Amino acid sequence: MLSFLELGQSVPSWYSGRLWLLRLGYYKLHREQEWADDWIWIVDHTVQLGSEKCLVILGIRQSKLPEAELYLNHEDVEPIALLPVTHSNGEIVFQQLTQAAEKTGMPREIIGDHGTDIKSGIERFCQDHEQTCYIYDIKHKGAAILKRELKDDPHWSEFIQLAAQTSKRVQQTGLSALAPPNQRSKARYMNVDKLVKWGQEKLCYLDILKSEPDDRFPPHEIDDKLGWLNEYRDHLTEWQDLIEVVKTAEGYIKFVGIYHNCHIDLKEDPIFSPHTDRAKRVGEELLTFIEEQSLKATPDERLLGSSEVIESVFGKLKNLEQDQVKSGFTAMLLSLAAVVSKTSHDVIQKALETVPTKKVFEWYKKNIGQSVQSKRKEIMSIVSKTEQNWDQNTTVFLN
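All values derive from a computational prediction rather than experimental measurement.

Draft legend 1. Fine view of the packing of aromatic side chains. By the definition in use, this model includes 11 aromatic pairs. Look at Phe159 and Trp228: their rings are 5.7 Å apart centre to centre, the planes differ by 55 degrees, and that puts the pair in the tilted class. Taken together, the residues span a long stretch of sequence, with Phe159 in helix α5 (residues 154-170) and Trp228 in the loop between α7 (219-226) and α8 (233-256) at a distance of 69 residues. Both residues of the pair, Phe159 and Trp228, count as buried. Taken together through their ring pairs, the aromatic side chains of Trp156, Phe159, Trp198, Trp228, Tyr232 and Trp239 make up a single cluster. The ring centre of Phe94 lies 3.8 Å from the NZ or CZ of Arg124, which sits over that ring.

Below, the structure is given as C-alpha cells:
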C-alpha cells in the first residue's frame, strides 16, 4: 500500500517482527531470576506433532501472589524453563527440575497434574527436597472425578453418542442453531459442563414450544431431532448437580488458594450445596482432597491451588503459531516466554540490545533441531529429484 501511494516509507517485514518476538522470549527465559525459597513452580508438558514434548516451568514467588484473588495473569508469572525432549519419563523430569532449581533456588511449591512422568519426577524431587511440596491442580482433580463418575455411566455414554449424531443431522439444515457443542477428544471431562448445559437449555426450549410455537422451526423437525432429550431430563439434572459441586470447589480454590482449614471454609460456604446423593458423595471426596492438600501449607501461608494460567499460556502459544502447530516444535516455542511476565519499554530495549538473532538460532538448533516441516522439505526434495531423473530417463527411452 505504501509503495502504491508512493510514500517512500519502509516498514518491517513479518519475519523481522517474528524475530523480535523470539529475541524477547530468549531474553526473558535467560535473564537472571531472584534467588529465593518461596518460588512456586507451575509445571506441565506441551505437545505438538511428532514425538517431542516440552516441559514448561512458569514461576511466581509467594511474596508476589495477588493479595485478594489468586487468579493469575500471564504477566504475573516468569518463564523458568522451556525444555524440549524426544522422550520423557520420571527420571528425565526429575533431572529437568533439578536443573531449573539452579536458576531460582529450591521452590516452596510445585503444582501440576498427575501425568505419569510429571508425577513421578515431582514426587522424587520433593523426596530429595523436603521444603518443596507437590500440589495437585484442582481442575485436573475435578476432571478425574468426573471421568470416573461418567465414563462407566451407560446413560452418559448413550447421551454423548446421541448428541454426536444430532450434531451431524442438523449441521447442514435450518436447525443448525440448535446443534450441540463439539465434543473434544482430549481433556473432554474438563468440558462436560458445556454439553450438559446444552441439553438442559434445549429441554427448556422444548417446554416453551409447547405453549409458544416458534415459526422459524417446523415442530415435527424439532421433535425428530431433539425429542430424544426428554428421556434424559432426570439424568441431566443429576449430572448438572455433579458438575456444579466440582466447579464450585474448583472456583473456590482458584480464588483463595490452599491454606490451613480451607476445606472447612468451603464446606460452610452456601454456594457449596450438592443436592443429589451422588453429588454429595463427590462433594465429600473433594473436601477430603482439599483437606489433604491444605496440610502441606504451614499455618501462616497460602499455596497456589490451580495451574490454569499455564493452560492459558499454551492456548496463546497455539494462536501465535497458527498453522505451524502442524509442523511440530519450531523456534516459535520461544514466543511462549515472550508472552509471560511484564513487558515494558525497558525490557524490550534490553532484549533487542543484548540478544542478537544468532542466539535465537543457536538455541533452536541446540534444543529443537530439525523441525517436522524441514524433514518434509527434505523428503519432497528427494522425491522431486527422483521424479526428474525418471522423466529424463523416460525421455531418453522414448527418443
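Draft legend 2. Summary view of the nonpolar core. One finds Ile42, Leu82, Trp156, Phe159, Ile222 and Trp363 to be the most contacted residues of the largest nonpolar core, which totals 94 residues. If you tally residues by element for this core, the top one is α8, at 10 residues. Excluding anything up to four places from it in sequence, Ile42 contacts Val56, Ile57, Leu58, Leu72, Val77, Ile111, Leu304, Ser307, Val309 and Ile310. By size, the runner-up hydrophobic cluster in this structure holds 20 residues, among which are Ala36, Leu83, Cys126 and Tyr134.

Draft legend 3. Fine view of helix α11 (residues 308-321). In a regular helix each residue adds 1.5 Å, so 14 residues correspond to 20 Å; α11 covers 20 Å between its end C-alpha atoms and thus fits that length. Looking at the buried side of α11, the elements it contacts are β1 (39-47), β2 (53-61) and α12 (334-338). Once α11 finishes, Gln322 follows within two positions and takes phi at roughly 50 degrees, a positive value.

Draft legend 4. A look at the side chain of Ser306. Position of Ser306 among the secondary structure elements: in the loop between α10 (277-294) and α11. The buried category is assigned to Ser306, whose relative accessible area is 10%. In this structure the side chain of Ser306 is engaged in a polar contact, spanning 3.2 Å, whose partner is the backbone nitrogen of Glu308. With residues up to four places along the chain from it excluded, the contact list for Ser306 reads Ile111, Asp137, Ile138 and Lys254.

Draft legend 5. Fine view of the sheet that holds strand β3 (residues 78-85). If you walk across this open sheet you meet the 5 strands as β3-β2-β1-β4-β5, and the pairing is mixed. A single partner strand is all that each edge strand has here, and the edge strands are β3 and β5 (133-136). The mean inter-strand angle of the sheet, taken between neighbouring strand axes irrespective of direction, is 20 degrees.

Draft legend 6. Representation of the side chain of Arg31 in the model. Mapped onto the elements, Arg31 comes out in the loop between α1 (14-30) and β1. Contact partners of Arg31, with chain neighbours within four places excluded, come to Glu78, Lys103, Ser341 and Val347.

Draft legend 7. Structural context of the environment of Asp214. Checked against the element boundaries, Asp214 lands in the loop between α6 (192-209) and α7. Note on Asp214: relative accessible area 16%, which makes it buried. Residues within four places of Asp214 in sequence aside, it is in contact with Tyr205 and Leu209. At 2.7 Å, the side chain of Asp214 and the side chain of Tyr205 are in polar contact.

Draft legend 8. Just the confidence of the model for the protein, in detail. In the predicted model, the protein carries a mean pLDDT of 88, and 89% of its residues have values of at least 70. Looking at the elements of the protein, mean pLDDT is at its lowest for helix α15 (residues 372-398), recorded as 61, and at its highest for β5, recorded as 97.

Draft legend 9. Inspection of the packing of α1 against helix α14 (residues 357-367) at higher detail. The N-to-C vectors of α1 and α14 enclose an angle of 70 degrees; their axes lie 9 Å apart at closest approach. Here α1 lies roughly perpendicular to α14, going by the angle between them. Contacts between α1 and α14 involve Tyr15, Leu19, Leu22, Arg23, Tyr26, Leu29 and His30 from the first element and Thr357, Lys359, Val360, Phe361 and Trp363 from the second. Its residues assigned to classes, the contact of α1 with α14 comprises 8 nonpolar, 2 polar and 2 charged.

What counts and how
- Throughout this description, residue numbers start from 1 for each chain and increase along the sequence as written.
- For a predicted model such as this one, the threshold for reporting local features is a pLDDT of at least 70, and the threshold for listing and counting side-chain atom pairs is 80 or more; totals across whole chains, interfaces and linings nevertheless cover every residue.
- For side-chain calculations, the full set of non-hydrogen atoms in the structure is used, while hydrogens and water are omitted.
- Pairing of aromatic rings covers Phe, Tyr and Trp, the last through its six-membered ring, and needs centres within 6.5 Å; plane angles under 30 degrees mean stacked, over 60 mean edge-to-face, and all others mean tilted.
- Labels follow the DSSP assignment, with helices taken as runs of H or I lasting at least four residues and strands as runs of E lasting at least two, numbered in each case from the N terminus.
- Relative accessible area decides the class of each residue, using a 1.4 Å probe on protein chains only: under 20% of the type maximum gives buried, over 50% gives exposed, and in between gives partly exposed.
- Charge-over-ring contacts are defined here by two conditions on Lys NZ or Arg CZ: a distance within 6 Å of the ring centre and an angle within 35 degrees of the ring normal.
- By nonpolar core is meant a set of buried Ala, Val, Leu, Ile, Met, Phe, Trp, Tyr and Cys residues that side-chain atoms within 4.5 Å join together.
- In what follows, a contact means two residues having at least one pair of non-hydrogen atoms within 4.5 Å.
- The length a helix should cover is 1.5 Å for every residue beyond the first.
- Contacts described as polar in this section are N or O atom pairs within 3.5 Å, which, within protein, must combine one atom able to donate a hydrogen with one able to accept it, while residues neighboring in sequence count only if both atoms come from side chains.
- Any two strands between which DSSP finds at least two bridges are classified as paired.
- Working convention: axes come from line fits to C-alpha atoms, limited for helices to the stretch in contact. Angles between N-to-C directions cover 0 to 180 degrees.
- How sure the predictor is of each residue is captured by pLDDT, a score from 0 to 100.
- To sort the angles, those under 35 degrees are grouped as roughly parallel, those over 145 as roughly antiparallel, those from 65 to 115 as roughly perpendicular, and the leftovers as oblique.
- Side-chain classes are defined by residue name, with Ala, Val, Leu, Ile, Met, Phe, Trp, Tyr, Cys and Pro counting as nonpolar, Asp, Glu, Lys and Arg as charged, and the others, Gly among them, as polar.

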